Amino acid sequence: MPRLLQLLWAQLSGPGMVLKAFFPTCCASADSGLLVGRWVPEQSSAVVLAVVHFPFIPVQVKELLAQVQQASQVGVAVLGTWCHRRQEPEESLGHFLEGLGTLFSHEPWLQLCRERGSKSWNCKATRRQGPTPLAPACEDQVMLIFYDQRKVLLSRLHPPAALPERQAGDATASAGGLAAVFDTVARSEVLFQSDRFDEGPVRLTHWQSEGVEASILVELAKRAAGPVCLLLACLLSLVSAASACRVFRPWPLSFIWSKLSTCEQLRHRLDQLTLVVSAHRAEGPAQLMRKANTLVSVLLDMALGLLLLSWLHRKDRFAHLAEALVPVADRVAEELQHLLQWLMGAPAGLKMNRALDQVLGRFFLYHIHLWISYIHLMSPFIEHILWHLGLSACLGLTVALSILSDIISLLTFHIYCFYVYGARLYCLKIHGLSSLWRLFRGKKWNVLRQRVDSCSYDLDQLFIGTLLFTILIFLLPTTALYYLVFTLLRLLVVTVQGLVHLLVDLINSLPLYSLGLRLCRPYRLAAGVKFRVLEHEAGRPLRLLMQINPLPFSHVVRTYRLPSCGCHPKHSWGSLCRKLFFGELIYPWRQRGDKQD
């Protein structure tokens, strides 16, 4: 059986002498009539879209096909005849079906017939060997493939170039040989707008023959969405114009807003709402899916934010947070004081430079004293500040998390200052030592050519260089120890903020609507197709059932991932270690587009 399926796949993936007839399963029990569809000569395939029932007038059938072709830009034509023998067939019906080929000329002419009281099918395709109707006819070998018309219409076949490597071989045949089938059914949607309850001159059978799928709530929502989106678009344009006005962006405020994660997230939320309420129709399935993913992401984010807000207001948790915040800040400051006092002694038995150690320790202790005074000065207002900031959670959980990240930055600002002081002092000594080391070797750094050149120094320059090198090399361990301790504290704070930013980025970029489609209706996102053999007997046409292979979850996330304002590391591990060793300032989670210091 696997060998048979491989051969069938090879035949389906390209043109050949075997004619592939794609027949919708919804028409298997339809009354006798005409087969309406599209002929794909490149693949030697006939895609049946509907069955036209008796009685009909040939002129009206041709007018209907012309209207469908003009609306869908698909070459729809009469491909052949369909005979369903529910009762004993009459001789006149057989002759009448054979004579329809002269009214609707098409090469090849399909003749499908389902036997009465059995599951066997007869299928043949005839071609005229001459230009005249009386020329002898020859028959082609036919392979009958059943497909679910509704699933094929609603699904989207993804290109093989974007599929994983393990499915690349299968998807190539599927997308290359069967993309015409999906495209034909998708573009012929106008043909499926009529059902058996319509009083038109032509009766059709297709997937919506029993009644066009519709919903009163959906129709009302569509009609109300236009004015609502227009009003929201006007309001958002006013907000965008106000935020871009220079009156609200003087120099200090613009600099501060560029460093706050909350402002960046609010800007991203404004872009999301502008995309959702845009009055322009989606140009394709990809943009439509992006709008749907953005809408679901915003709704879920705001729902989580409202849940967080209700939890905070319940049992007066804002007051509890405010009461716990000051003791925590005091405890952190106290631990930093103990750490500095330990560094001012003999940390781990290391002998430090006493004078420099005392100067640096007292300098940092004074900063901690200023920080404690600032916290106690702000303590009466912390509860009110937290209450007003908590109201922003109604804009979404991501906004609340961004505010949390900014609060962490403000509460650990003294640690950031310590890190900057230590890094600048350590970097200054490292650069000084590297310059003096080049002086000993008779070298210097050429600024214009950005290279090291030879240079001759006199005795005074060498003496002063030796003296400075000795001073710096003996002061380096004390500076390096302070730099190491405060760098570790800074990296701890950055790691916590990085986790918060990653959570914000996950909520902003996760394609929830696409994942919901993949979970509930996997056929909507197609990676390819597979075939199941229904009948394989000698003397009868081979019958297959085409089934849709859903897209893997990982590929759904990669394909429909939304853009995010999240911060991403800009350094590799090697570059990060090099910058840490030379004392350069590290911003692993800077906003995109910011310049590096």
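Residues numbered from 1 in each chain as written. Predicted model: local features only at pLDDT ≥ 70, side-chain atom pairs only at ≥ 80, totals over all residues. Heavy atoms only, no water.

**Topic: the overall build of the protein**
Part 1 of the argument: Per the secondary structure count, the protein includes 18 helices and 14 strands.
Part 2 of the argument: The buried share among the 597 residues of the protein stands at 41%.
Part 3 of the argument: Considering only contacts in the protein between residues 6 or more positions apart, those separated by 24 or more positions represent 71%.
Part 4 of the argument: In the structure as shown, the protein presents an accessible area of about 33700 Å², 64% of it carried by carbon and sulfur atoms. (Helix = DSSP H or I, 4+ residues; strand = E, 2+ residues; numbered from the N terminus. Buried < 20%, exposed > 50% of the residue type's maximum accessible area, 1.4 Å probe, protein only. Contact = heavy atoms within 4.5 Å. Areas by Shrake-Rupley, 256 points an atom, 1.4 Å probe, with all protein chains shown as cover.)

**So, the side chain of serine 188**
Part 1 of the argument: Note that serine 188 resides in the loop between helix H5 (168-187) and strand S10 (204-205).
Part 2 of the argument: Setting aside residues no more than four positions away along its own chain, serine 188 makes contact with Leu49, Ser72, Val74 and Val76.

**A few points about the packing of aromatic side chains**
Part 1 of the argument: Counted according to the given criterion, the structure contains 14 aromatic pairs.
Part 2 of the argument: Here a set of aromatic residues connected by ring pairs shows up, and it is made of Phe363, Phe364, Phe418, Tyr421, Tyr482 and Phe486.
Part 3 of the argument: Sitting over the face of the ring of phenylalanine 553, arginine 518 holds its NZ or CZ atom 4.4 Å from the ring centroid. (Phe/Tyr/Trp six-rings, centres within 6.5 Å; stacked < 30°, edge-to-face > 60°. Lys NZ or Arg CZ within 6 Å of the ring centre and 35° of its normal.)

**Side note on unusual backbone geometry**
Part 1 of the argument: If you check the backbone angles, serine 44 has positive phi at about 50° while not being a glycine.
Part 2 of the argument: Mapped onto the elements of the fold, serine 44 is located in the loop between strand S2 (33-40) and strand S3 (45-53).
Part 3 of the argument: Its identity is not glycine, yet glutamine 73 carries a phi of approximately 60°, on the positive side.
Part 4 of the argument: With respect to the secondary-structure elements, glutamine 73 resides in the loop between helix H2 (58-72) and strand S4 (76-84).
Part 5 of the argument: Its relative accessible area of 59% is what places glutamine 73 among the exposed residues.

**Structural notes on the pattern of salt bridges**
Part 1 of the argument: Going through the model one piece at a time under the given rule, you end up with seven salt bridges.
Part 2 of the argument: Where arginine 267 meets glutamate 264, a salt bridge forms, and the shortest distance between an N and an O atom there is 2.7 Å. Taken together, the residues span about one helical turn, with arginine 267 and glutamate 264 both in helix H8 (residues 261-276) at a distance of three residues.
Part 3 of the argument: Of the charged contacts in the structure, one is a salt bridge between aspartate 505 and arginine 561, with a shortest N-O distance of 3.0 Å. In this pair, aspartate 505 is assigned in helix H15 (residues 459-509) and arginine 561 in the loop between helix H17 (553-560) and helix H18 (573-582), connecting sequence segments 56 residues apart.
Part 4 of the argument: The network of salt bridges with common partners includes Arg578, Lys579 and Glu584. (Salt bridge = Lys/Arg side-chain N within 4 Å of Asp/Glu carboxyl O.)

**Overview of the state of the cysteines**
Part 1 of the argument: By the definition in use, this model includes zero disulfides.
Part 2 of the argument: Here cysteine 26 is not disulfide-linked; the sulfur of cysteine 27 is the nearest cysteine sulfur, at 4.0 Å.
Part 3 of the argument: Given the relative accessible area of 28%, cysteine 26 is considered partly exposed. (Disulfide = S-S within 2.5 Å.)

**Comments concerning the UniProt feature "transmembrane region" (unreviewed entry) in the protein**
Part 1 of the argument: Here the UniProt-annotated "transmembrane region" (unreviewed entry) positions come out as residues 294-312, 359-377, 389-412, 461-485 and 491-515.
Part 2 of the argument: The span residues 359-377 carries 100% helix and 0% strand; its end-to-end C-alpha distance comes to 27 Å.
Part 3 of the argument: Taken end to end, residues 491-515 has its terminal C-alpha atoms 35 Å apart, with 92% of it in helix and 0% in strand. (UniProt positions renumbered as here; feature names shortened; annotations may be inferred.)

**As for a nonpolar patch on the surface**
Part 1 of the argument: Together, Val228, Leu231, Leu232, Leu235 and Leu238 line one region of the surface with nonpolar side chains, adding up to about 470 Å² of accessible area.
Part 2 of the argument: Of note, valine 228 is situated in helix H6 (residues 216-244). (Patch = residues over 30% accessible without salt bridge, like charges linked within 9 Å, V, L, I, M, F, W, Y side chains within 5 Å.)

**Quick notes on the packing of H8 against helix H13 (residues 397-411)**
Part 1 of the argument: Between H8 and H13, the least distance of the axes is 8 Å, while the angle of their chain directions is 160°. Compared by their axis directions, H8 and H13 come out roughly antiparallel. Judged by the twist between their axes, the crossing of H8 over H13 is right-handed. Taking contact as the criterion, the partners of Ser261, Thr262, Gln265, Leu266 and Arg269 in H8 are, on H13, Thr398, Val399, Ser402, Ile403, Ser405 and Asp406.
Part 2 of the argument: Here the contact of H8 with H13 is built from residues that sort into three nonpolar, six polar and two charged. (Axes fitted to C-alpha atoms, helices over the stretch in contact; angles between N-to-C directions. Parallel < 35°, antiparallel > 145°, perpendicular 65-115°, else oblique. Left-handed = near helix turned anticlockwise from the far one by under 90°. Nonpolar A, V, L, I, M, F, W, Y, C, P; charged D, E, K, R; others polar.)

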